[in-house]
Structure formats: structure tokens, C-alpha cells
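Remarks on the overall topology
Listed below, chain by chain, are the residues.
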Amino acid sequence: MKKIFLLAMLTVLGTTFSNAQETSKKVKKAKTTTVALPKVEGAGMVFESETIDYGTIAHNAEPNRQFVFTNNGNKPLIITNTQGSCGCTVPTTPKEPIAPGAKGVIGVRYATDRVGAFTKTVTVTSNAEGQPTKVLTIKGTVLPDAAPAATKS
């Protein structure tokens, strides 16, 4: 009698446990959400990231990166100027207005022939409501070339 009762309890608990696992899997799938950008009156500019970290890179590594942004306003966004903080940081400016809801890209090229740590800025001038200038940051470290191995005689 005890064996039958114990077997029945294990069967019930096993079913409950199994159902609990399936439920939690369904909950995990349902948690996928999208972030709605706040809307602004006029032109707007929201960046996916305001800082690009090159990380630790080799001397003369790929120098190009991109700042991606969205016009979250209801009027076209016009970027009138982009300016690097020094000659080693060269941004590219979108030529055409960015339509409401559309994405745009500001390219930046850092002179990776300069060895050492760096933090530089790119100043963006536009007609974005409430932020006519926006400062973006790039940072990283460029490693020196490896020293040639000493040869044994």
C-alpha cells in the first residue's frame, strides 16, 4: 500500500515539475521587447551609443567605426557639421536630411598609426530640438608593434 501511495505521489510531483519547466520556457520567450523611442516635436536625434570603444587594437588596425542614430522627431533632421577634436579623428557627415523615424550614420576614422591610449570627441551640429550640438566619444588603446625576436648565435 505504501509503495502504491509513494508511486502515485512521485507521478503527481513529476507531472507538476514537468509542467513548471514548460511554463518557465514559455515565459522566457515572451520577454522579448522593443524599446520605443521618445517622440519629439521637430527634428530629433537618439544614438544607439554615444561612445565607441575601439578596445585594445593593433597598430594600424581598421580605423573606421560608425555612430548609428534615429530621428525620433516629426520633422527631417539636418546635420550641418561634424567636427573631430583633433586631426586624428575624422568624422563623416550625412549629406541628406534624415526623415522622421529613419536611421542615419555618422562615420568616424581614428588614426590608428598613433600608439597609446586615446579619448577623442566628435561634435555634431544639427537642427535637433533641444540639442543643437551633441558630443560623441571614441576611446581605446593602440598597441605598439611587437619587438622583433632576438636571434641566437
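As a reminder, the structure under discussion sits directly above these lines.
None of these values were measured; they are calculated from a predicted model. (Residues numbered from 1 in each chain as written. Predicted model: local features only at pLDDT ≥ 70, side-chain atom pairs only at ≥ 80, totals over all residues. Heavy atoms only, no water.)

1. Some details on the overall build of the chain
Under the convention used in this document: Helix numbering and strand numbering both begin at the N terminus, where a helix is a DSSP run of H or I of at least 4 residues and a strand a DSSP run of E of at least 2. Only protein chains enter the area calculation, which uses a 1.4 Å probe; residues under 20% of their type maximum are buried, those over 50% are exposed, and those in between are partly exposed. A contact between two residues is defined here by any heavy atoms of the two lying within 4.5 Å. For the accessible areas, the method is Shrake-Rupley and the probe is 1.4 Å, while residue cover comes only from the protein chains on display.
Along its length, the chain carries 1 helix and 8 strands. The order of α-helices and β-strands along the chain, N terminus first, is α-β-β-β-β-β-β-β-β. For the chain, with 153 residues in total, the buried portion stands at 27%. Nonlocal contacts in the chain, meaning residues at least 24 apart in sequence, comprise 68% of its contacts between residues at least 6 apart. Carbon together with sulfur atoms contributes 59% to the accessible area of the chain, which is approximately 10500 Å² in total.

2. So, the pattern of salt bridges
Short version of the rule: Each reported salt bridge corresponds to a side-chain nitrogen of Lys or Arg within 4 Å of a carboxyl oxygen of Asp or Glu.
Following the criterion strictly, the structure yields 2 salt bridges and no others. The salt bridge partner of Glu48 is Lys103, with a shortest N-O separation of 2.9 Å. Of this pair, Glu48 sits in the loop between strand E1 (46–47) and strand E2 (51–57) while Lys103 sits in strand E6 (residues 103–110); the two residues are 55 residues apart in sequence, bridging distant segments of the chain. With respect to class, Glu48 is no different from Lys103; both count as exposed.

3. Some points on the environment of Thr92
Note on placement: Thr92 falls in strand E5 (residues 89–92). The residues touching Thr92, leaving out its near neighbours within four places in the chain, are Thr82, Ile106 and Gly107.

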